[in-house]
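# Structural overview for review
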Amino acid sequence: MKTLLQAAAALASGATTSQALTAHCLTRARADETSAFLTLDEAGALAAARASDERRARGGALGPLDGVPLSLKDNILTEGVVTTAGSRMLEGFVPPYDATVTARLKAAGAVLLGKTNLDEFGMGSSTEGSAFQKTRNPLDPSRTPGGSSGGSAASVAARLCFGSLGTDTGGSVRQPAAFTGLVGLKPTWGRVSRAGVVAYASSLDQVGPLAHTVEDAAALLSAIEGYDAADATSAQHPRTDLSSLKAGVEGLRVGLPKEYLVEGMDGEVAAGVRAAAETLKARGAVVREVSLPHTRFALAAYYVIAPCEASSNLGRYDGVRYGHRAQGARTLSALYEQSRAEGFGPEVKRRIMLGTFALSAGYADAYYRKAQQVRGLIRRDFDEAFAQVDVLLSATSPVLPWRLGEKLSDPLAMYLMDVLTLSCNLAGLPGLSLPCGRAVGGLPVGAQLLGRPFDEATVLRAAYALEQALGLDFAPVGGA
Amino acid sequence: MPRADWQVVIGLEVHAQLLTTSKLLSGASTSFGGAPNAHTSVICLGLPGVLPVVNRHAIELAVRAGVALGCEVARVSEWSRKHYFYPDLPKGYQVTQYERPLCLGGCVVFDGPAGERAVRLTRIHVEEDAGKLVHEGGASLVDLNRAGTPLIEIVSEPELRSADEAVEYLKALRDVLVWVGVNDGNLEEGSFRCDANVSVMRPGATRFGTRCELKNLNSFRFIRQAIEVEAQRHVELLEAGGVVEQETRLFDPQRGETRPMRSKEDAHDYRYFPEPDLPLLVIGDDEVHAARRALPELPRARRARYVEALGLPAHDAQVLTADRAFSDFFERCVAEVGEAKPVANWFMGELSRLLNETKTPVTQVKFGPAQLAALLRAAKAGVVSGPGAKEAFAELFATGKDVQRIIDERGLAQVNDDGPLLAAIAEALAESPKNVESYRGGNTKLVGYFVGQVMKKLGGKGNPRRINELLVEQLKG
């Protein structure tokens, strides 16, 4: 049993119980060599499993997630369960409330096993930026699972659970999905509530599922999407219509952005995307090249806007009310400086400094405002492309999963890895990554599909068709 | 100091707390006082993951203030984050409005030392308040009860030209805000706060001098004093050949001086940018129109009407419009009674006295306009005497009982019929033949004595005017 819907079916048929499934997952998680989890909430998970079994016995099962073990990225708040955002700053922080997505999963009956590792505050592409541990790629333990939702990806790919929620600010759900052979969906900005999600860059952050299949991802999206009065930016938009998920791609117009064939792209990645395009064409899609002319400015704009918002969002971590407080500070400014110097890791500090600089008087026009202008141009590029095609197809990451430690000393090289995913966040679009090929050595190649705002349905439909046609399967090292 | 050689220039920034029951961006209570941090929620504590949700009632009040002050209400305005580090600011930024405020323009009209003045407003924007720090026994304690309370900041153009004008401006502004129910006008509790930007220049100069911003001005007296000493400081500096440094200064009421708080170099770089957690603030035409329609007659207009239409003295108009509910009640009573001045007298006299003594809000007065009208008619018709009417009014105030019943129960009705009055007069005159003789001999002052005697016989209930008239006739003999 691998997928979420398989687990749901087994629970529905009585072939297994939630308690049995949960015990199985916990046993695997305790023995996990990828270091996917930061916290396992064994007692909470077993209690939820018991409640689920009792519900089902009474004939009151709630839906496909009821009783299914899942994991949450550790920047999604869980009432009573430590939430660290991968940072020393929040070591031991026990939230007094659930994120809206946590509450919605609980309401759907899901069993939440625990909290998964991430780059500190979601800032990174390899999960090596966690203050606590490095997570390995279940498909090749010498390599990164990607990031920042690397722990979530590893927990699913290593089959420690049946699905996970990550967050995606510039590719942090899609790229780890690509690196671990999973499906990862970043919904339209506003589709899923951000309430109770530790903010990195508010105008870019979005919660999204990581799962083995497109259908699993769709089931998770259904559970968490929709307006939330606690998030003023969440959209009053109809739910994603999944009725045509399996309707195929006959006549679907698929665009290949020519600017996304970036220099330095791995040959096997390029080949995987070409194969995906051919597959869609063979299934009746109309594939054509399109242009997103401002793509080359996206990375720079992103690495201004995201740090600006981060520098603001992380101002609250001051050691005054909660979180890490430096000992022995004798003045207020020393308290701030020492608490933040000790509590934040190097990448977080780098982004806070970049953002603080880019927002300061005299520089904000040249950086922050200019970046916002670029953002407008990038949105317009997408508007124009989506006047011609229904979805866009590209690689998710220009390269295959790299070896742990390989890019740690070169932050800029790490930033470049986000080049294909971050425009989607700048424009607020839905984006999905799914496996489209197997490279030499068995590593997965990820393809990215982008859609119009709130058109997750079409993205999922195209992804489903591709998934079915390709029939790829990735197993963790050491077996399932 | 040759003050005539210098012109003071003042611009004011007023922070007025909006009268909402919950905070601007969270559901926590806005009550004043309470145990430290009792009125907080995860949102005003700035916990990880919290998001703001705008309190629409606060926006409704801000729009009302804008309409009352004649501002242009922006149909689309924008929230911004203003950043600085201080323990009273839980998120490390304040949610405010910066580039696109809710209201532009408008003005405050008041009577200055040289007649009516209309000082223009630059803008009004909405923002959240910070918490406060309490320094105690070598420790600093943070109280976030006030953090997140909704404020409007009302920024004037630098058009005020004296400390007196500044104070009159503030009083008029406060009048309007309190009148329309946006603010409680309380300076001591800090729900109406003022910062003053002060500079001096030579009369007729085309450029303002360097300004200083004064803080900690929590009474009208301190505001006047602070502006005067600050202007004086500038003049002395400049006349001694010095220069004024742009800085923020704190007024010390004990010493009656201002002292530097932070210089321009130390000024915060607030790193404003649009708040990504909140959509643009959109105000519908219907909301603005509704606010305009619901706008009451404002105190200045009402005062003018009292003088012009009701024929009241300016002083009466001023006193009667000091409080809106008081004034509204006055109007209802005037409508019932049919003339203004007697009602005004009762309102400024007995009613005000009793309201003060019993600390009763005028909205909880137990009698209605019809009852006051009945009492005034009884007094005018001589049914009750002046003191009797006061006594009846006190009872009316205390119980709200029917006026006639009060007069009956308390036996306040006067004897107006000549029959019993003449009988009592005859008795009184018969008892004091010597005094009658003395009166007739020219000591007419004795009429007072006789009135007293007659009144005694009537148990104090005779109509004194009629007794007087009849006595004079009878004594003519």
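The shown structure was predicted, so the numbers you read here are calculated from the model rather than taken from an experiment.

Attention shifts here to the overall build of chain A. What chain A contains, in helices and strands, is 15 helices and 11 strands. The globule rule puts the C-alpha radius of gyration for 480 residues at 23 Å, and the 21 Å found for chain A is close to it. Reported as C-alpha extents along the three principal axes, the dimensions of chain A are approximately 65 × 55 × 45 Å. Of all 480 residues assigned to chain A, the portion counted as buried reaches 64%.

We now examine the overall build of chain B. Secondary structure summary: chain B contains 15 helices and 17 strands in total. A globule of 477 residues ought to have a C-alpha radius of gyration of about 23 Å, yet chain B, at 31 Å, is considerably larger. Along the three orthogonal principal directions, the C-alpha set of chain B runs to about 95 × 55 × 50 Å. Among the 477 residues that make up chain B, the fraction classed as buried is 49%.

This next bit is on the interface of chain B and chain A. Each partner contributes to the interface: chain B provides 31 residues, whereas chain A provides 38 residues. In total, about 2600 Å² of surface goes out of reach between chain B and chain A, with carbon and sulfur atoms giving 60% of it. Broken down residue by residue, the surface that chain B buries against chain A is led by B:Pro48, B:Phe85 and B:Arg271, which jointly contribute 23%. Its salt-bridge partner being B:Asp277, residue A:Arg194 comes within 3.0 Å of it at the nearest N-O pair. Where chain B packs against chain A, one counts 18 residue pairs in polar contact (both at pLDDT 80 or more). Elements represented by at least two residues in the side of chain B that touches chain A include exactly β4 (80-83) and β16 (273-274) of chain B. Tallied by class, residues from the side of chain B that touches chain A come to 21 nonpolar, 4 polar and 6 charged.

The next thing to look at is the environment of B:Arg440. Among the secondary structure elements, B:Arg440 is positioned in helix α13 (residues 433-440). Between the C-alpha atom of B:Arg440 and that of B:Lys476, which follows or precedes it by 36 residues, the distance is 7.1 Å.

This part covers the pattern of salt bridges. All names here are of chain B. Considering all chains together, one arrives at 66 salt bridges over all chains under this definition. Of the charged contacts in the structure, one is a salt bridge between Asp 285 and Arg 75, with a shortest N-O distance of 2.5 Å. Separated by 210 residues along the polypeptide, Asp 285 in helix α4 (residues 285-294) and Arg 75 in the loop between β2 (72-73) and β3 (76-77) bring together distant segments of the chain. Assessed through its relative accessible area of 43%, Asp 285 is described here as partly exposed. Under the relative-accessibility criterion, Arg 75 is labelled partly exposed at 30%.

Residues and elements named next belong to chain B. Sheet architecture is open: 3 strands sit in the order β5-β4-β16, paired in antiparallel fashion. Strands with a single pairing partner mark the edges of an open sheet, and in this sheet they are β5 (93-96) and β16. Sheet topology places β4 next to β5; 4 bridges connect them, and they run antiparallel. In the sheet register, Arg 81 faces β5, and the bridge partner there is Val 95.

Our focus in this paragraph is the sheet that holds strand β4 (residues 164-167) of chain A. Residues and elements named next belong to chain A. Pairing is mixed in the open sheet, where 11 strands are placed in the order β1-β3-β2-β4-β6-β5-β10-β11-β9-β7-β8. Across the chains shown, the open sheet's two edge strands, defined by having one partner strand only, are β1 (37-40) and β8 (286-290). With direction set aside, neighbouring strand axes in the sheet form an average angle of 30 degrees. As paired strands, strand β5 (residues 183-186) and strand β10 (residues 431-438) are joined by 3 bridges and run antiparallel to one another. Residue pairing for β10: Lys 186 is matched across the bridge by Gly 431. Running at roughly 160 degrees to β4, helix α5 (residues 150-157) makes contact with β1, β2 (69-73), β3 (111-116), β4 and β6 (207-211) of the sheet.

Once that is clear, we can look at the nonpolar core. One recurring pattern in soluble globular proteins is that nonpolar side chains are buried together. Counting residues in hydrophobic clusters, the biggest one holds 136 residues, and the most contacted among them are A:Leu105, A:Phe121 and A:Phe382. Looking at this core element by element, the count peaks at 10 residues for helix α9 (residues 298-313) of chain A. Grouped together as the second largest cluster of nonpolar side chains are 68 residues, B:Leu18, B:Leu102, B:Ala163 and B:Ala231 included.

Residue and element names in this part refer to chain B. Going residue by residue along strand β7 (residues 107-112), you find Val 108, Phe 110 and Gly 112 tucked away on one face and Cys 107, Val 109 and Asp 111 left uncovered on the opposite face. Pairing of β7 with strand β8 (residues 115-128), which is carried by 6 bridges, proceeds in the antiparallel orientation. Bridge pairing links Gly 112 to Gly 115 in β8. The loop that links β7 with its antiparallel partner β8 comprises 2 residues.

Let's shift gears to the packing of helix α12 (residues 418-431) of chain B against helix α14 (residues 447-457) of chain B. Residues and elements named next belong to chain B. Contact pair α12 / α14: the axes reach a minimum separation of 9 Å and the direction vectors enclose 125 degrees. The pairing of α12 with α14 is recorded here as oblique in orientation. Note that α12 runs across α14; the crossing there is right-handed. Of α14, the residues touching α12 (which contributes Ala 424, Ile 425, Glu 427, Ala 428, Leu 429 and Glu 431) are Phe 450, Gln 453, Val 454 and Lys 457.

A word on the packing of aromatic side chains. Residues and elements named next belong to chain A. Per the stated rule, a full pass over the model turns up 26 aromatic pairs over all chains. Seen in terms of ring centroids, Phe 179 and Trp 402 are 5.3 Å apart; in terms of plane orientation they differ by 90 degrees. Their pairing is edge-to-face. Taken as a pair, Phe 179 in helix α6 (residues 174-180) and Trp 402 in the loop between β9 (391-395) and α13 (411-416) lie far apart in primary sequence, 223 residues in all. Classification of Phe 179 as buried rests on a relative accessible area of 2%. A centroid spacing of 6.2 Å and a plane angle of 80 degrees characterise the contact between Tyr 317 and Tyr 322, whose relative ring orientation is edge-to-face.

What follows covers the pairing of β2(A). All names here are of chain A. Summarising burial for β2: 5 of the 5 residues are buried, a large majority. Burial along β2 is two-sided: the residues Pro 69, Ser 71 and Lys 73 and Leu 70 and Leu 72 are all buried. As defined by bridge partners, β2 adjoins β3 across 5 bridges and the pair is classed as parallel. If you follow Leu 70 over to β3, its bridge partner there is Leu 112. For the crossover from β2 across helix α4 (residues 100-107) to β3, the handedness is right-handed. In terms of strand pairing, β2 meets β4 through 2 bridges, oriented parallel.

With that out of the way, let us pick up the packing of helix α2 (residues 163-179) of chain B against helix α3 (residues 220-239) of chain B. All names here are of chain B. Two elements in contact, α2 and α3, have axes separated by 9 Å at closest approach and are oriented at 150 degrees. Comparing their axes, α3 and α2 come out roughly antiparallel. By crossing handedness, the relation of α2 to α3 is classed as right-handed. Taking contact as the criterion, the partners of Ala 163, Asp 164, Ala 166, Val 167, Leu 170, Lys 171 and Arg 174 in α2 are, on α3, Phe 220, Ile 223, Arg 224, Ile 227 and Glu 228.

Moving on to helix α12 (residues 365-385) of chain A. For α12(A), which comprises 21 residues, the first-to-last C-alpha distance of 29 Å matches the rise-based estimate of 30 Å (1.5 Å per residue) to within 8%. Where α12(A) is buried, its residues meet α9, α11 (346-359), β9, α14 (422-427) and β11 (444-451) of chain A together with β16 of chain B.

Right, let's get into a nonpolar patch on the surface. On the surface, A:Phe357, A:Tyr363 and A:Tyr367 cluster together to form a nonpolar patch covering roughly 290 Å² of accessible area. You can see A:Tyr363 is positioned in the loop between α11 and α12.

Before going further, it helps to spend a moment on the side chain of A:Ser311. On the secondary structure map, A:Ser311 appears in helix α9. Within the local environment of A:Ser311, its side chain forms a polar contact with the backbone oxygen of A:Cys308, the two atoms lying 2.7 Å apart. Contacts of A:Ser311, omitting those with residues within four sequence positions, involve A:Ile352, A:Gly355, A:Thr356, A:Leu359 and B:Arg271.

What follows concerns the side chain of B:Thr321. All names here are of chain B. Here Thr 321 shows up in the loop between α6 (314-320) and α7 (324-337). At 3.2 Å, the side chain of Thr 321 and the backbone oxygen of Gln 318 are in polar contact. In this view, Thr 321 contacts Trp 179, Arg 302, Arg 303, Tyr 306 and Ser 327; residues no more than four positions away in its chain are not counted.

Below, the discussion takes up the state of the cysteines. If you walk through the whole model with that rule in mind, you get 0 disulfides over all chains. Between A:Cys436, a cysteine without a disulfide, and A:Cys424, which holds the nearest cysteine sulfur, the sulfur-to-sulfur distance is 17 Å. Relative accessible area serves as the criterion here: at 3%, A:Cys436 is assigned to the buried category. No disulfide involves B:Cys103; its nearest neighbouring cysteine sulfur is the one of B:Cys71, lying 4.7 Å away. Taking the relative accessible area as the measure of exposure, B:Cys103 reaches 0% and is therefore buried.

Rules used in this analysis
- Residues numbered from 1 in each chain as written.
- Chains lettered and ligands numbered in written order.
- Predicted model: local features only at pLDDT ≥ 70, side-chain atom pairs only at ≥ 80, totals over all residues.
- Heavy atoms only, no water.
- Helix = DSSP H or I, 4+ residues; strand = E, 2+ residues; numbered from the N terminus.
- Rg over C-alpha atoms; globule rule 2.2 N^0.38 Å.
- Buried < 20%, exposed > 50% of the residue type's maximum accessible area, 1.4 Å probe, protein only.
- Contact = heavy atoms within 4.5 Å.
- Buried area = accessible area lost by both parts, 1.4 Å probe.
- Salt bridge = Lys/Arg side-chain N within 4 Å of Asp/Glu carboxyl O.
- Polar contact = N/O pair within 3.5 Å; in protein donor to acceptor, adjacent residues only side chain to side chain.
- Nonpolar A, V, L, I, M, F, W, Y, C, P; charged D, E, K, R; others polar.
- Pairing = 2+ DSSP bridges.
- Axes fitted to C-alpha atoms, helices over the stretch in contact; angles between N-to-C directions.
- Core = buried A, V, L, I, M, F, W, Y, C linked by side-chain atoms within 4.5 Å.
- Parallel < 35°, antiparallel > 145°, perpendicular 65-115°, else oblique.
- Left-handed = near helix turned anticlockwise from the far one by under 90°.
- Phe/Tyr/Trp six-rings, centres within 6.5 Å; stacked < 30°, edge-to-face > 60°.
- Right-handed = clockwise from strand over helix to strand, strands pointing away.
- Expected span 1.5 Å × (residues − 1).
- Patch = residues over 30% accessible without salt bridge, like charges linked within 9 Å, V, L, I, M, F, W, Y side chains within 5 Å.
- Areas by Shrake-Rupley, 256 points an atom, 1.4 Å probe, with all protein chains shown as cover.
- Disulfide = S-S within 2.5 Å.

So, to be careful, I would describe these as geometric facts and stop short of saying anything about function.
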